[in-house]
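Next come the chains, spelled out residue by residue.
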Amino acid sequence: MCYAALRRGGPSLVTEQPRKATAAEIQRAAEIILDSSYPIALTGAGMSVESGIPPFRGPGGLWTKYGEPPMNQFQRFMADPKKAWEERLSSRNDEFYKPLTEARPNPGHIALAELEALGLLRFVITQNVDDLHRQAGQKSLAEIHGNWKLIRCLECALRFRREQIDLSVLPPRCPECDGIVKSDTVSFGEPIPIDVLNQCAAHAAKADLVIVAGTSATVYPAAGFALEVKQRGGVMVEVNLYDSEITPICDVSLGGGSAEVLPKLVKAVSALRRSRAS
Ligand SMILES: [Zn+2]
């Protein structure tokens, strides 16, 4: 299998006919989950879309509508943090943030949190910045592109809620170390915070199963953690509405949205566990 070919793929799902997982496929995935010792998940934009959040790119996309950030967004921030904060606060577009503000976890987010509570999901790596996994109660979680509700210190990497930060003097400073803070959302040109990468690497190294939901797993570095599990001989289960770039390498590919398929999967896992116990 040529994984390098996957890396060249874009972030968008291959659009063909919507697929629908059969009961037998869901049962097979449930068996795989129960037989795994360290299952993790990778989630992406498909799960956000099912909560009513438009994608960034494409028709109706937030960036399509309001303009794409510059590719050197982070370098511009670092060159003049005061100006960057002034711009951010003055141009804050309520329309842009409205879908994020209004979105609620969907049954897919809740199903993953349930799987974790059952002891059958050890870690979630999400590419989404929408906070919905947290709101669903997911505890072991890495938001690899940050969380739009948080502000991060560039010195000590502590995260804060917006109301914890004094915005009366710009650029605002970290209440702990006086370092400069920026939005936790990873900007174009900004490295993924090292604490998050280390956390993902540690869990991926232990994983023998990765459930990929709502993403074609082609955006790096997140995709690399999922592919690493597969390359090491682990199992890959996909939940995507359409055929994706990773469908050919998945052990089980479940057709359908996460909000529809993941709750069925959790139900099947619970039933199977009960039947094995009796
Ligand atoms: Zn700090």
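Note: the structure precedes this text.
About the criteria used
- Residues numbered from 1 in each chain as written.
- Predicted model: local features only at pLDDT ≥ 70, side-chain atom pairs only at ≥ 80, totals over all residues.
- Heavy atoms only, no water.
- Buried < 20%, exposed > 50% of the residue type's maximum accessible area, 1.4 Å probe, protein only.
- Helix = DSSP H or I, 4+ residues; strand = E, 2+ residues; numbered from the N terminus.
- Pairing = 2+ DSSP bridges.
- Polar contact = N/O pair within 3.5 Å; in protein donor to acceptor, adjacent residues only side chain to side chain.
- Contact = heavy atoms within 4.5 Å.
- Donors = N, O, S within 2.8 Å, 3.2 Å for Na, K, Ca; no water.
- Tetrahedral: all angles 85-135°; square planar, octahedral: opposite > 155°, others 65-115°.
- Axes fitted to C-alpha atoms, helices over the stretch in contact; angles between N-to-C directions.
- 1 Å grid on protein atoms, 1.4 Å probe; cavity = no way out; pocket = protein on both sides within 12 Å on 5 of 7 lines; lining within 4 Å.
- Points joined across faces, edges and corners; volume = space filled by probe spheres on them.
- Nonpolar A, V, L, I, M, F, W, Y, C, P; charged D, E, K, R; others polar.
- Phe/Tyr/Trp six-rings, centres within 6.5 Å; stacked < 30°, edge-to-face > 60°.
- Right-handed = clockwise from strand over helix to strand, strands pointing away.

> Can you explain the pairing of strand E9 (residues 252–255)? Please cite residues and give values.
As a general feature of sheets, a regular strand has side chains that alternate between the two faces. Side chains Val252 and Leu254 of E9 all project onto a buried face; the interleaved residues Ser253 and Gly255 project onto the opposite face, where all are buried too. Bridge analysis of strand E8 (residues 235–240) against E9 gives four bridges, and the strand direction is parallel. Each residue of the ladder has a partner; that of Val239, found in E9, is Leu254.

> Describe the side chain of Glu190, with residues and values.
When you line up the elements, Glu190 lands in the loop between strand E6 (181–183) and helix H10 (194–206). Within polar-contact distance, the side chain of Glu190 engages the backbone nitrogen of Ser187 at 2.8 Å. Not counting the four nearest positions on each side in its chain, Glu190 is found in contact with Phe74, Arg152, Leu154, Lys182 and Thr185.

> Could you give me a rundown of the coordination of the zinc ion, with the residues and numbers involved?
For the zinc ion, the full set of protein donor atoms is Cys153 (SG), Cys156 (SG), Cys174 (SG) and Cys177 (SG), and the range of their distances to it is 2.2 to 2.4 Å. Taken together, the four donor atoms coordinating the zinc ion span angles of 97 to 118° at the metal, a pattern that classifies the geometry as tetrahedral.

> Could you give an account of the sheet that holds strand E4 (residues 150–153), naming the residues involved and the relevant values?
The antiparallel open sheet is built from three strands, whose spatial order is E5-E4-E6. Two strands in the sheet have a free side with no partner beyond their single neighbour: strand E5 (159–161) and E6. Adjacent strand axes in the sheet meet at a mean angle of 35°, parallel and antiparallel pairs treated alike. Note that E4 and E6 share three bridges and pair antiparallel. Bridged to Ile151 within E6 is Ser183.

> Go over the layout of surface pockets with me, naming the residues and quoting the values.
Each pocket or cavity is described by its volume, and for the second largest pocket that value is around 230 Å³. Where the lining of the second largest pocket is concerned, the elements lending two or more residues are strand E3 (141–143), E4 and H10. Broken down by class, the residue content of the lining of the second largest pocket amounts to five nonpolar, three polar and seven charged.

> Residue-level account of the packing of aromatic side chains, with values.
In the structure shown here, the tally under the stated rule is one aromatic pair. Between Tyr97 and Trp148 the ring centres are 5.6 Å apart and the planes differ by 20°, which places this aromatic pair in the stacked class. Separated by 51 residues along the polypeptide, Tyr97 in helix H7 (residues 94–102) and Trp148 in the loop between E3 and E4 bring together distant segments of the chain. You'll find Tyr97 and Trp148 in the same group, each marked buried.

> How would you sum up the pairing of E8? Please name residues and give values.
The element E8 is extensively covered by neighbouring structure, given that five of its six residues are classed as buried. Note on the crossover from strand E7 (residues 209–213) through helix H11 (residues 222–231) to E8: the handedness is right-handed.

> Quick rundown of the side chain of Asn128? Include the residues and the values.
Among the secondary structure elements, Asn128 is positioned in the loop between strand E2 (123–126) and helix H9 (132–136). Within polar-contact distance, the side chain of Asn128 engages the backbone nitrogen of Ala45 at 3.1 Å. Sequence-distant contacts of Asn128, defined by excluding residues within four places in its chain, comprise Thr43, Gly44, Ala45, Met47, Ser48, Glu143 and Gly146.

> How would you summarise unusual backbone geometry if you had to cite specific residues and measurements?
At the junction of Leu170 and Pro171, the peptide bond is cis and its omega measures out at -5° in the coordinates. Along the chain, Pro171 falls in the loop between E5 and E6. Of the consecutive residues Tyr220 and Pro221, the connecting peptide bond is found in the cis state with omega at 5°. Positioned with a positive phi, Asp178 is a non-glycine residue whose angle comes to about 70°. Along the chain, the position of Asp178 falls in the loop between E5 and E6. Here Ala217, not a glycine, exhibits a phi torsion of approximately 50°, which is positive. As for its position among the elements, Ala217 is in the loop between E7 and H11. Note on Ala217: relative accessible area 1%, which makes it buried.

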